[in-house]
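A structural walkthrough
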Amino acid sequence: MALMGTSDPSRETEASQEKPFVLRALQIALVVSLYWVTSISMVFLNKYLLDSPSLRLDTPIFVTFYQCLVTALLCKGLSTLAACCPGAVDFPTLRLDLRVARSVLPLSVVFIGMITFNNLCLKYVGVAFYNVGRSLTTVFNVLLSYLLLKQTTSFYALLTCSIIIGGFWLGVDQEGAEGTLSWMGTIFGVLASLCVSLNAIYTKKVLPAVDDSIWRLTFYNNVNACVLFLPLLLLLGELRALCDFPQLGSAHFWVVMTLGGLFGFAIGYVTGLQIKFTSPLTHNVSGTAKACAQTVLAVLYYEETKSFLWWMSNMMVLGGSSAYTWVRGREMKKVQEEPIPKEDEKSNVEV
């Protein structure tokens, strides 16, 4: 807005451009910080619930089930609030349709595997090794894209994948050398990476069934998961273990459990928010930097001492992941910038 009297148009333009840039930079900083705090807090909180010596709760499936239940209830609650107060909350209408639930069911099975193996990996490995243990997601993305979608990958992208694999094996070797390696946790981490890749692929196929709404998909995934987890709780004896849990009636226990579910719901929201205010490429870079910060925080918090090669394995994994993101980003930009042949050019080529 121009002030009263004469003014320099160029300065006015610069001022109008500078203010939105500052505000946008502040928004991005806040959103990225929110993503980091939510993601790191969720990992440390889940580690406490799954493997705390003071809590001694050995029911990883129940912890995962409860987090899915909280997420489903939050989705339904926000949907109801949006219907009652249209201007206050922007959230899609959610009605449980059994036909849609059946359509989403195959993806829900993969989703269950993803969140369960993630939690089981975190239960058996330290937070510091958690990122390396689940670092093969990019490798599985490339492999499954070729096997299921027949999509090829460039040489440079494959080279970055080889760096990630090398970092993973070096990390496993160094964990073994320090006597802290859990093969069970490592296997669960590899399975979690596989399920994350499958989840990304099948999500694209299932989205049309929920009108391309991520929140509807989140609701149906978590409702299906709650139903499918019930027989697992019985078969694995976790309900009996839960009944024998001495802190079952503790308010502190249920507050922490509910807080874990809230973080599980919030991470989906802040992830989408970060992509919205930045870009998918920047989101991946932010995730890599967050993983690095999380590893350092875990080593400091648990007062661990790690070797140079252990840190090198983390740098290889994080560096390989960043390089893959950069390579794929350049390849996608190059494809977008390629000129589309005109109709007459196409006909000349065909002749």
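Residues numbered from 1 in each chain as written. Predicted model: local features only at pLDDT ≥ 70, side-chain atom pairs only at ≥ 80, totals over all residues. Heavy atoms only, no water.

**Some words on the overall build of the protein chain**
Regarding its fold elements, the protein chain presents 13 helices and 0 strands. If you list the helices and strands of the protein chain from N to C, you get α-α-α-α-α-α-α-α-α-α-α-α-α. For the protein chain, the spread of C-alpha atoms along the three principal axes comes to 75 × 55 × 55 Å. Scored against the burial criterion, the 351 residues of the protein chain give a buried share of 42%. (Helix = DSSP H or I, 4+ residues; strand = E, 2+ residues; numbered from the N terminus. Buried < 20%, exposed > 50% of the residue type's maximum accessible area, 1.4 Å probe, protein only.)

**Notes on the UniProt feature "transmembrane region" (unreviewed entry) in the protein chain**
Here, the residues flagged by UniProt with the feature "transmembrane region" (unreviewed entry) are residues 21-44, 64-88, 100-117, 129-148, 155-171, 183-202, 214-236 and 251-272. For residues 64-88, the helix share is 84%, the strand share is 0%, and the end-to-end C-alpha distance is 31 Å. (UniProt positions renumbered as here; feature names shortened; annotations may be inferred.)

**Re the layout of surface pockets**
Taken as a whole, the second largest pocket encloses approximately 270 Å³ of empty space. Taken together, 15 residues form the lining of the second largest pocket, with Phe44, Lys47, Tyr48, Tyr301 and Tyr302 sitting closest to its centre. Elements supplying a minimum of two residues to the lining of the second largest pocket: α1 (9-51), α3 (98-124) and α4 (127-133). Top element by residues in the lining of the second largest pocket is α1. It accounts for 4 residues. Of the residues belonging to the lining of the second largest pocket, the class tally is 9 nonpolar, 2 polar and 4 charged. (1 Å grid on protein atoms, 1.4 Å probe; cavity = no way out; pocket = protein on both sides within 12 Å on 5 of 7 lines; lining within 4 Å. Points joined across faces, edges and corners; volume = space filled by probe spheres on them. Nonpolar A, V, L, I, M, F, W, Y, C, P; charged D, E, K, R; others polar.)

**Section: the packing of aromatic side chains**
Per the stated rule, a full pass over the model turns up 17 aromatic pairs. Seen from their ring centres, tyrosine 66 and tryptophan 254 are 5.4 Å apart, and the 55 degrees between their planes marks the pair as tilted. Of this pair, tyrosine 66 sits in helix α2 (residues 60-84) while tryptophan 254 is found in helix α10 (residues 251-277), placing the two residues 188 residues apart along the sequence. Note on tyrosine 66: relative accessible area 15%, which makes it buried. Judged by relative accessible area, which is 28%, tryptophan 254 ranks as partly exposed. Ring geometry for phenylalanine 117 against phenylalanine 188: centres 5.9 Å apart, planes inclined by 20 degrees, an arrangement best described as stacked. Taken together, the residues span a long stretch of sequence, with phenylalanine 117 in helix α3 and phenylalanine 188 in helix α7 (residues 183-206) at a distance of 71 residues. Exposure remark for phenylalanine 188: the relative accessible area of 14% places this residue in the buried category. (Phe/Tyr/Trp six-rings, centres within 6.5 Å; stacked < 30°, edge-to-face > 60°.)

**Looking at the environment of methionine 312**
The topology assignment puts methionine 312 in helix α12 (residues 308-337). Spatially, the C-alpha atoms of methionine 312 and leucine 170 are 8.2 Å apart, while their sequence positions differ by 142 residues.

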